[in-house]
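# Examining the three-dimensional arrangement
These are the residues of each chain, in order.
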Amino acid sequence: MSEACSSCSAAGSCSGESCSAEHQLTEAQKASKIGKIIAVMSGKGGVGKSSVTSMLAVSLKRQGYKVGILDADITGPSIPKIFGIKEKANVNKIGVTAPESKDGIKVMSLNLMLENEDDPVVWRGAIITQLVQQFWTDVVWGELDYLLIDMPPGTGDVPITIFQSLPINGVVMVTSPQQLAGMIVRKAIKMVKKYDLTFYGLIENMAYVTCPDCNKKIEVFGTPKGEEEASKNEIPYLGQLPLDPVLSSMSDLGKIEDYQTADFEEIVKKMIVEAAKEAAKDNQAKSEDAAK
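For clarity, every value in this text was computed on a predicted model and none was experimentally measured. (Residues numbered from 1 in each chain as written. Predicted model: local features only at pLDDT ≥ 70, side-chain atom pairs only at ≥ 80, totals over all residues. Heavy atoms only, no water.)

Another aspect to go through is a positive patch on the surface. A cluster of basic side chains, namely Lys-187, Lys-190, Lys-193 and Lys-194, defines a positive patch on the protein surface. For Lys-193, the location among the structural elements is in helix α8 (residues 179-194). (Patch = residues over 30% accessible without salt bridge, like charges linked within 9 Å, V, L, I, M, F, W, Y side chains within 5 Å. Areas by Shrake-Rupley, 256 points an atom, 1.4 Å probe, with all protein chains shown as cover. Salt bridge = Lys/Arg side-chain N within 4 Å of Asp/Glu carboxyl O. Lys, Arg positive; Asp, Glu negative; His and termini not counted. Charge placed at Lys NZ, Arg CZ, Asp CG, Glu CD. Helix = DSSP H or I, 4+ residues; strand = E, 2+ residues; numbered from the N terminus.)

This is the structure in structure tokens:
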């Protein structure tokens, strides 16, 4: 598949026999240059996936990368609230402009298009999936090193649309120690494998909470099993994260970019290494194909 084809909104279904990929690109896509697209997924709600997505973006930004977040959780969007973004998305002759956080992270979410952030989205699947596609084809993302996609729970319409229509480079799975969460996350892992996508790693969130008085780690949701789960599914293990009331509070205040932790910095470094490994494999495969 050519570079132009990989950016085409019909990449998952087009045969390529009767279309010029350049002509399939929208003006917004032509004005955007994105290095890697990473889907952050869990399959289950309530494991803190949006917080993890947001902090991955913050950590990448602190390391000097240009970052954007596509909020694909259409019926439960929370990314703008976490970043304190109140500016609405605007439309110009090229496409939709994504508002930026105070530190320059670009965000596109349905909540940035609603009159009131707490208005419900009572839509059927076809309309939701169409909007997700438009967040890819009609948003002017500009130049980004990383575009993170905050995936909705489940393995239904939206994940299918994203995996079929967007040129995903890698997937980061988010789980928690609870056995129920692990079972549902394994469903999502199997879905990703069906689409033959690359795993950049697994993160175990809410692994413990630290007692403010004695600094003892309390395993609220049971014994952490993230490393074991990653090994069983042959996924790189990126690390575990605590259940931190400070992070929750700063997210509620829209100040997640002020939250400081070394945990995310280390996880992002590992994720970048995994992404580089996969890029090296792809380049080697292309070189071998060209030599044939």
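Adjacent strands of a sheet form backbone hydrogen bonds with each other and so pair up, either parallel or antiparallel. Sheet architecture is open: seven strands sit in the order β5-β2-β7-β1-β8-β9-β12, paired in parallel fashion. Among the strands making up the open sheet, the edge pair consists of β5 (106-108) and β12 (237-240). Going across the sheet, the axis of each strand differs from the next one's by a mean of 20°, ignoring polarity. Here strand β1 (residues 33-41) runs beside strand β7 (residues 143-150); their pairing, made up of seven bridges, is parallel. Note that in β7 the partner of Val-40 across the bridge is Asp-150. Against the sheet, helix α6 (residues 125-137) makes contact with β1, β2 (67-71), β5 and β7, and its axis sits at roughly 165° relative to β2, the strand it touches most. Sitting on the sheet, α8 is in contact with β1, β8 (170-175) and β9 (199-204), with an inclination near 170° to β8. (Pairing = 2+ DSSP bridges. Axes fitted to C-alpha atoms, helices over the stretch in contact; angles between N-to-C directions. Contact = heavy atoms within 4.5 Å.)

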